[in-house]
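# Coordinates in review
Listed below, chain by chain, are the residues.
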Amino acid sequence: NVAFIGVVAMLILVGATIADVLLRWLVNKPIVGLNEIVGMGMGVAVAATFPSGAMQRVNLTIELLDNFLSRRALGWLKVSAHALLLLFYALLSWNVGLYAQKLQARGAGTVFLQIPTAPFIWAVAAFLAVATLAQVIILLIAARAALAGEREPQGWVMGGTAGKSETRRDNAGLGRTLEIGRAHV
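Read on for a plain summary of the structure. Please read all numbers here as calculations on a predicted model, not as lab measurements.

## So, the environment of Arg 24
- Examined against the element boundaries, Arg 24 turns out to sit in helix 1 (residues 2-27).
- Look past the residues within four positions of Arg 24 in its chain and what remains in contact with it is Lys 29 and Pro 30.

What follows is the structure, given as structure tokens:
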């Protein structure tokens, strides 16, 4: 899973930062240019988690109106929220892509190590584009549920069989479950 690799990359960058601090403190020899590596790497590592987060629907939601609105009205409110998030992802990925294009055109690099910055920003734009595509799927699932007057299924749920549902562990055994069938209402 790409998100897992992103999290591992974050942990490696944190470890390198700790090593840099210890080297500065103990022998007054920092790791030259580490801040540039951490800056570029952390952006890509964080962006790598966006598509998975979108598919798992881990966005913050406030369910203040759940007890006051009908299931159908609540469904359409969620569709609106998903559409706004889709717009946000699309605009963000587009603008980050434009920024990467500008960096590439001028051959921008980091100050000390002269690492080209455009490939890192292109990677961030690509992950945001994948998150945008994931959000399209989420929006369609939410719209389908709202049209049917059903509750929106939660992350990684796939519809299909008539009323039957089974839960299976994922292959990696990381504790996530995949529901196959209709979501429980």
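## A short note on the packing of aromatic side chains
- Using the criterion set out here, one finds 1 aromatic pair in the structure.
- Note on Phe 88 and Tyr 89: the rings are 6.3 Å apart at their centroids and 45 degrees apart in plane angle, and the pair reads as tilted.
- Of the residues examined, Phe 88 reaches a relative accessible area of 47% and is grouped as partly exposed.

## So, the nonpolar core
- Within the largest apolar cluster, 17 residues are counted, with the highest numbers of intra-cluster contacts made by Tyr 89, Val 96, Leu 103, Ile 121, Val 124, Phe 127 and Leu 128.
- Elements supplying a minimum of two residues to this core: helix 2 (34-47), helix 4 (71-106) and helix 5 (118-148).
- Here this core takes 8 residues from helix 5, the largest share from any one element.
- Residues contacting Leu 103, with those up to four places away along its chain left out, are Ala 108, Thr 117, Ala 118 and Ile 121.

## Quick word on the side chain of Gln 135
- Looking at where Gln 135 falls in the secondary structure, it is placed in helix 5.
- Of note is the side chain of Gln 135, whose polar atom sits 3.2 Å from the side chain of His 82.
- In this structure Gln 135 touches Ala 54, His 82, Leu 85, Leu 86 and Tyr 89, once residues within four positions along its chain are discounted.

Basis of the calculations
Residues numbered from 1 in each chain as written. Predicted model: local features only at pLDDT ≥ 70, side-chain atom pairs only at ≥ 80, totals over all residues. Heavy atoms only, no water. Helix = DSSP H or I, 4+ residues; strand = E, 2+ residues; numbered from the N terminus. Contact = heavy atoms within 4.5 Å. Phe/Tyr/Trp six-rings, centres within 6.5 Å; stacked < 30°, edge-to-face > 60°. Buried < 20%, exposed > 50% of the residue type's maximum accessible area, 1.4 Å probe, protein only. Core = buried A, V, L, I, M, F, W, Y, C linked by side-chain atoms within 4.5 Å. Polar contact = N/O pair within 3.5 Å; in protein donor to acceptor, adjacent residues only side chain to side chain.

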